[in-house]
Amino acid sequence: MTVLVTGAGGFIGGHLVASLLAGGASVRAVDIKALDRWHQVHAGAENMVADLRLASECRTAVAGVDDIYNLAADMGGIGFIEQNKALCMLNVLINTHLLEAAVAARASRYFFSSSACVYPHHLQERPGVTSLAESDALPAMPEDGYGWEKLFSERMCRHFFEDFGLETRIARFHNVYGPHGEWDGGREKAPAAICRKVAMAVRSGDHVIPVWGDGEQTRSFLFVDDCVDGARRLMESSVREPINIGSEDLISINDLTDLVAGIADIEITREHDLTAPQGVRGRNSDNNLVRARLAWEPSTSLADGMAATYDWIAEQVQHSTGR
Ligand code: NAD
């Protein structure tokens, strides 16, 4: 079994390659970034640099593979996707060309990493949000830019199965976090940003932590090992409709910040920036369908997952500050 992982130099892709290799698969890992910028480079994989917006590079990447996990996307946290809507929508080039190449190469299965950002805004206007079930995505009013592209590409996967017989799997990931991902520079998401701020507070002694918005906005967060497990289980299943891969444990950003401060064992003062991007007010995953169809649910507690994430980011902060 030869498996292609695109976006393999990124956060989830790097963990997925490790898991597939450990399971005995032969893996081709592809990313647009030069190898020295990959979060993880696994010597056991065939590592390749390619721009998958280009049809020709997609054809090269899929040659001879059975399964394709498409995790490649130009994306980041809310600060990035709100400011780069066109760039996020250009991910449609990756999905279009990769789907076409998959059909032409007679690949067995195609996995698409969609997002909770496909769900409509009006269902996410309160912190005590009702969990989002798969059927809530339509009628559509997703996150502008990034969410529209994900919803469109989900639909394309469906029609590539109906019209060309390509077996497609569609995961709606909800706020994945963990070590070996973006933690600085503008693309990082809330859990990594909070870990960095707390780690820097530990080093500087200045325990004032900037928090985007009033911090009452809520999310659920999924540890990356659980995400990889869910993705692999979905690929092995016969489920073709989009399905949530997320956690149902809702927490506010204020409480998440306090949790990380507790892990670092410091007292902090939160300083709220009400002008910063906050995204939707509340978002949670409804896991009824994924429990029923895949018998899957996350097994890592937020406290354990954030402790592992904090330890890794604190190390990065230490290396980058050179002290
Ligand atoms: P990431 O940014 O760490 O990884 C994506 C990788 O894709 C990057 O390494 C990037 O260089 C690569 N890439 C971008 N353009 C490319 C191109 N033209 N050709 C080849 N590679 C290209 O992101 P991630 O967190 O690992 O997310 C993986 C997938 O999961 C993405 O599709 C993302 O939209 C989706 N997703 C992630 C989350 C999350 O919380 N991390 C939530 C929902 C959905």
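Here the structure is a predicted model, which means the values were calculated and not measured.

Enquirer: Can you explain the sheet that holds strand 4 (residues 67-70)? Please cite residues and give values.
Expert: Adjacent strands of a sheet pair through backbone hydrogen bonds, lying either parallel or antiparallel. An order of 3-2-1-4-5-6-11 is seen for the 7 strands of this open sheet, with the pairing classed as parallel. Only two strands of the sheet have a single neighbouring strand rather than two, namely strand 3 (46-49) and strand 11 (243-245). On average, each strand axis in the sheet is tilted by 25° relative to the strand beside it, whichever way the strands run. Bridge analysis of strand 6 (residues 167-173) against strand 11 gives 3 bridges, and the strand direction is parallel. Bridged to Ala-171 within strand 11 is Ile-243. Where helix 2 (residues 55-62) meets the sheet, its contacts fall on strand 1 (2-6), strand 2 (26-31), strand 3 and strand 4, and the angle it forms with strand 2 comes to roughly 160°. Each of strand 1, strand 4, strand 5 (109-115) and strand 6 is contacted by helix 5 (residues 91-104), which is oriented at about 165° to strand 5, the strand it contacts most.

Enquirer: Give a detailed account of the side chain of Thr-218, specifying residues and quantitative values.
Expert: Relative to the helices and strands, Thr-218 is located in strand 9 (residues 218-220). On the accessibility criterion, Thr-218 (7% relative accessible area) is buried. Separated by 2.6 Å, the side chain of Thr-218 and the backbone oxygen of Pro-127 make a polar contact. Contacts of Thr-218, omitting those with residues within four sequence positions, involve Pro-127, Val-129, Leu-250, Ile-251, Ser-252, Arg-281, Gly-282 and Arg-283.

Enquirer: Give a detailed account of the packing of aromatic side chains, specifying residues and quantitative values.
Expert: Using the criterion set out here, one finds 5 aromatic pairs in the structure. Here the aromatic rings of Tyr-69 and Phe-111 are separated by 5.2 Å at their centres, their planes lie at 45°, and the arrangement is tilted. Taken together, the positions of Tyr-69 in strand 4 and Phe-111 in strand 5 put the pair 42 residues apart, joining distant regions of the chain. In textbook terms, an aromatic cluster arises when at least three aromatic residues are bridged by ring pairs, as seen for Tyr-69, Phe-111 and Phe-173.

Enquirer: Kindly report on the domain arrangement of the chain, identifying the contributing residues and their values.
Expert: Domain boundaries in the chain define domain 1 (2-174 + 224-245) and domain 2 (177-219 + 249-284 + 300-321). Centre-to-centre, using C-alpha coordinates, domain 1 lies 25 Å away from domain 2. Across the boundary between the two partners, domain 1 contributes 26 residues, which contact 23 residues of domain 2. Of the roughly 2100 Å² buried between domain 1 and domain 2 on both sides combined, carbon and sulfur atoms contribute 53%. Together, His-39, Gln-124 and Pro-127 form the three largest contributors to the area buried by domain 1 at its contact with domain 2, with a combined 25%. Across the contact surface, domain 1 and domain 2 share 1 salt bridge. A salt bridge links Arg-187 to Asp-74, with the nearest nitrogen and oxygen atoms 2.7 Å apart. Here domain 1 and domain 2 share 12 residue pairs in polar contact (both at pLDDT 80 or more) between them. Counting residues per element, the ones that place at least two in the side of domain 1 that touches domain 2 are helix 1 (11-22), helix 3 (78-83) and helix 8 (224-236). For the side of domain 1 that touches domain 2, the leading source of residues is helix 3, giving 4 residues. Along the lines of polarity and charge, the residues of the side of domain 1 that touches domain 2 split into 10 nonpolar, 10 polar and 6 charged.

Enquirer: Hey, could you go over the site of the ligand for me, with residue numbers and the actual values?
Expert: Neighbouring residues of the ligand: 27 residues in total, closest Phe-11, Ile-12, Asp-31, Tyr-146 and Val-176. One of the backbone N or O atoms of Ala-73 is found 3.2 Å from an oxygen atom in the ligand. Between the ligand and Lys-189, the relevant distance is 3.0 Å, taken from a nitrogen atom to a side-chain nitrogen or oxygen of the residue. For the ligand, whose unbound accessible area comes to 830 Å², protein coverage reaches 94%. At the level of elements, helix 1, strand 5 and helix 6 (146-164) are the ones that each hand at least two residues to the shell around the ligand. Ranked by residues supplied to the shell around the ligand, first place goes to strand 5 with 3 residues. Within the shell around the ligand, the residues separate by chemical class into 13 nonpolar, 7 polar and 7 charged.

Enquirer: Tell me about the nonpolar core, and please be specific about residues and values.
Expert: Val-5, Ile-12, Leu-20, Tyr-69, Phe-111, Phe-173 and Val-176 are the most contacted members of the largest nonpolar core, which totals 32 residues. Elements with a contribution of two residues or more to this core: strand 1, helix 1, strand 2, strand 6, helix 8, strand 11 and helix 10 (288-294). Sort the elements by how many residues they give to this core and helix 8 lands first, with 6 residues. Each residue touching Phe-173, except ones within four places of it in the same chain, is listed here: Ile-12, Leu-71, Phe-111, Ser-113, Ser-114, Ser-115, Ala-116, Cys-227, Ala-231 and Ile-245. The next biggest cluster of nonpolar side chains, apart from the first, holds 27 residues, and it includes Phe-223, Ile-251, Val-260 and Ala-314.

Rules used throughout
- Residues numbered from 1 in each chain as written.
- Predicted model: local features only at pLDDT ≥ 70, side-chain atom pairs only at ≥ 80, totals over all residues.
- Heavy atoms only, no water.
- Pairing = 2+ DSSP bridges.
- Helix = DSSP H or I, 4+ residues; strand = E, 2+ residues; numbered from the N terminus.
- Axes fitted to C-alpha atoms, helices over the stretch in contact; angles between N-to-C directions.
- Contact = heavy atoms within 4.5 Å.
- Buried < 20%, exposed > 50% of the residue type's maximum accessible area, 1.4 Å probe, protein only.
- Polar contact = N/O pair within 3.5 Å; in protein donor to acceptor, adjacent residues only side chain to side chain.
- Phe/Tyr/Trp six-rings, centres within 6.5 Å; stacked < 30°, edge-to-face > 60°.
- Domains from an automatic or database assignment.
- Buried area = accessible area lost by both parts, 1.4 Å probe.
- Salt bridge = Lys/Arg side-chain N within 4 Å of Asp/Glu carboxyl O.
- Nonpolar A, V, L, I, M, F, W, Y, C, P; charged D, E, K, R; others polar.
- Near = heavy atom within 4 Å.
- Areas by Shrake-Rupley, 256 points an atom, 1.4 Å probe, with all protein chains shown as cover.
- Core = buried A, V, L, I, M, F, W, Y, C linked by side-chain atoms within 4.5 Å.

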